[in-house]
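Now for the letters of each chain:
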Amino acid sequence: MAQESSINTASRRTRILHNHLIQSPSKPTSCLQSNSCLSYTPPESTESFDFDIKEMRKILDFHNLEDRDWLFGVIKQGRVFNGKERGGRLFVSPDYNQTMEHQREMTMKRIEYLLERGVFDGWLTKKGVEAELKKLSFLEVIQIFDHSLSVKIGVHFFLWGGAIQFMGTKRHHDKWLRDSEIFAMKGCFSMTELGHGSNVRGIETVATYDSKTGEFVINTPCESAQKYWIGGAANHATHTIVFSQLNINGVNEGVHAFIAQIRDVNGNICPNICIADCGHKIGLNGVDNGRIWFDNLRIPRENLLNLVADVSPDGQYLSAIKNPDQRFAAFLAPLTSGRVTIATSAIYSSKIGLAIAIRYALSRRAFSMTPNEPEVLLLDYPSHQRRLLPLLAKSYAMSFGGNYLKMIYVNRTPESAKTLHVVSSAFKAIFTWHNMRTLQECREACGGQGLKTENRVGHMKGEFDVQSTFEGDNNVLMQQVSKALLSEYIAAKKKNKPFKGLGLEHMNGPVPVIQSNLTSTTLRSSQFQMNAHCLRERDLLNRFAAEVSLYQSNGESKERAFILSYQLAEDLGRAFSDRAILQTFIDTESNLSAGSLKNVLGLLRSMYALICLEEDAAFLRYGYLSTDNAAAVRKEVTKLCTELRPHALALVSSLGIPDAFLSPIAYNWIDANSRSSAQQ
């Protein structure tokens, strides 16, 4: 029987091959019969908008909408931004198929294009809240186009320029700021070393003062002291801010910042400096990251950024801040801009991914429920909704958190420095982690199309991965947040005074009580949601303080006790962040009058609050929620997905990202992949 079956199979295959090979040319058949093929249906033709998407965009973008739209237009019109037509639409995106060298040169050409059109006017020479908000809005637009371009610009203006602005004094401002604004000099920022990243106090580069010549002599004493990952150093930067230990008469005065020239006007590397390329990376290849060694490099005494400390011509160290810890904190305080811009750019990146994936899911179909019925839209599958809509709600929530952070930053005062440090550290970590998770989910939700570079989502993972570690490793930042909260806790208990600041005022009231039987109405109550988040933060702070105290009572040092309590520290950092973000959402919502816009924001706020409850095991681990209540939360999230589904297109259309900055699969993905497009 087996032999007969094998013969029949072979015979059948032979007939198929025979018919294929001798097909009559007089009966041509087409593999592209339109009457049996799928066609693209724009989601706008079937989806309705129940709220004003322009008003929603105003709430999300928050400031400088006209300036943003102007710059979007400038980019769309510029040939250097690589506009291409796909599926009847123009899309602008860098060509990531170019060599690393070409990508870097295109980054500089784009900077020159933007410079010629006045985009950077006032970025270093104008002061005030309006000027700073405009600068932040422009950087966000640039990042939507290309992360390499925004990083290169951010290093030059916010790190190099920001250091001169906020760590230098008038002599530095007059000499360096205007020329930097017009790129007469190109700056970079040499803090990170091969052997030290997050631990800035441990850097090994040494600057020694020579009172005979009135110069500082900068040296790289060992290989681990080489400056590493310095954006702009490999090709274009002419100057750098060097962070170095300052040695005066044999005494180490700690980390200070200096201005050093590393290339001449012709681009030649200066004497006593060696520069090497960091090489190809998983992303950001439009940024020329480099390594720098200093070999007895002499710079004028005046090149010390001296707002906090100075050295007199005869070599006397001068500072009004005598405590070394406080002095070090004062040095680094102005550099929070990096965390602010990273946090906000991460949210715009997640918005791009979600806008593309959700638009694709509103036009791409797969499988029929019954024979001869149309295939089902991806976003009509509950599982697909569960993948994307909670992430969309989180992105909305973090947008409001990002707006709050920006306002703290542009209105900063010495009194708000602690709040700015803690909130920027927390949000930078939470937002960038969220972005990477979102991009991965969006990549998978787009199937094979998510792998194509032109569709952006997959490639953006590599472009934005670095955000989790630069300007502070996320895990380290979260521990810094918890350490700050612990300091507030200890101070309040010692002085027997109420908590004030960092949103910890809820610690002064009674402990919130979670009902034993949570109904849908309760779960959607902003009061319950805030109570649940405050209960978690309150309990974790108490547990963290108790655990650190226990370790200390057993003979451990304060620092060692803190390190051993890392799990509670990380849990507490997340609890603080989630609660702070939820508060910004509630505050945003409270400023709106009743109506459809407020109603949909209420759904998003509930989704955000409940998905935080569902995803953090602390709610079950420490008994804040019973297993029955945890099941109720899970069920409510599913209901919210169903209720948000009709608003999906309107919600992504409100994100403020023009069509040209998304990708072909967000629109007519069939025409974009047609045979005719392949032959162009």
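A brief look at the structure comes next. Within each chain, residue numbers correspond to sequence positions counted from 1 in written order. Thresholds applied to this predicted model are a pLDDT of at least 70 for local features of residues and 80 or more for the giving and counting of side-chain atom pairs; totals over whole chains, interfaces and linings are not thresholded and use all residues. Water and hydrogen atoms play no part in the side-chain values, which are based on all heavy atoms of the structure.

**Details of the environment of Leu307**
If you trace the backbone, Leu307 turns up in the loop between strand 11 (297-300) and strand 12 (309-311). When the C-alpha positions of Leu307 and Leu60 are compared, they lie 37 Å apart, and in sequence the two are 247 residues distant. Should any heavy atoms of two residues lie within 4.5 Å, those residues are considered in contact. With near-sequence residues (within four places) excluded, Leu307 lies in contact with Phe166, Met167, Gly168 and Thr169. Numbering of helices and strands runs from the N terminus, with a helix taken as a DSSP run of H or I at least four residues long and a strand as a DSSP run of E at least two residues long.

**Description of the pattern of salt bridges**
Whenever a carboxyl oxygen of Asp or Glu lies within 4 Å of a side-chain nitrogen of Lys or Arg, that contact is scored as a salt bridge. If you walk through the whole model with that rule in mind, you get 42 salt bridges. Here Arg201 ties to Asp325 by a salt bridge, and the two come within 2.9 Å at their closest N and O atoms. Pair noted here: Arg201 is in the loop between strand 3 (187-190) and strand 4 (206-210) and Asp325 is in helix 8 (residues 324-332), with a separation of 124 residues, a long-range link. We note a salt bridge from Glu636 to Arg524, for which the minimum N-O separation is 2.7 Å. In this pair, Glu636 is assigned in helix 20 (residues 627-644) and Arg524 in the loop between helix 14 (520-523) and helix 15 (526-553), connecting sequence segments 112 residues apart. In the salt-bridge network here, residues are joined through shared partners; they are Arg524, Glu636, Lys639 and Glu643.

**Remarks on unusual backbone geometry**
Unlike most non-glycine residues, Phe183 shows phi in positive territory, near 60 degrees. With respect to the helices, strands and loops of the structure, Phe183 is situated in the loop between helix 7 (170-181) and strand 3. Categorising residues by exposure relies on relative accessible area from a 1.4 Å probe, with only protein chains included: less than 20% of the type maximum marks a residue as buried, more than 50% marks it as exposed, and the intermediate range marks it as partly exposed. Looking at Phe183, the relative accessible area reads 12%, which means it is buried. Non-glycine residue Trp229 carries a positive phi angle of around 65 degrees. Summarising the element assignment, Trp229 is placed in strand 6 (residues 227-231). Of the residues examined, Trp229 reaches a relative accessible area of 48% and is grouped as partly exposed.

**Considerations on the packing of aromatic side chains**
What counts as a ring pair is set by centres within 6.5 Å for rings of Phe, Tyr and Trp (its six-membered ring), and what kind of pair is set by the plane angle: stacked under 30 degrees, edge-to-face over 60, tilted for all other angles. Within this structure, the stated rule accounts for 23 aromatic pairs. Summarising the aromatic geometry, the rings of Phe120 and Trp123 are spaced 5.1 Å apart at their centres and angled 80 degrees between planes, so their arrangement reads as edge-to-face. An angle of 70 degrees between the planes, with centres 5.5 Å apart, marks the rings of Phe544 and Phe562 as edge-to-face. Of this pair, Phe544 sits in helix 15 while Phe562 sits in helix 16 (residues 558-564), and the two are 18 residues apart along the sequence. Both residues of the pair, Phe544 and Phe562, count as buried. The rings of Phe120, Trp123, Phe157, Phe158 and Phe183 are connected pair by pair, giving a single aromatic cluster. Two thresholds decide whether a charge sits over a ring: the Lys NZ or Arg CZ must be within 6 Å of the ring centre and within 35 degrees of the ring normal. The positively charged end of Arg89 is found above the aromatic ring belonging to Tyr667, 4.1 Å away from the centroid.

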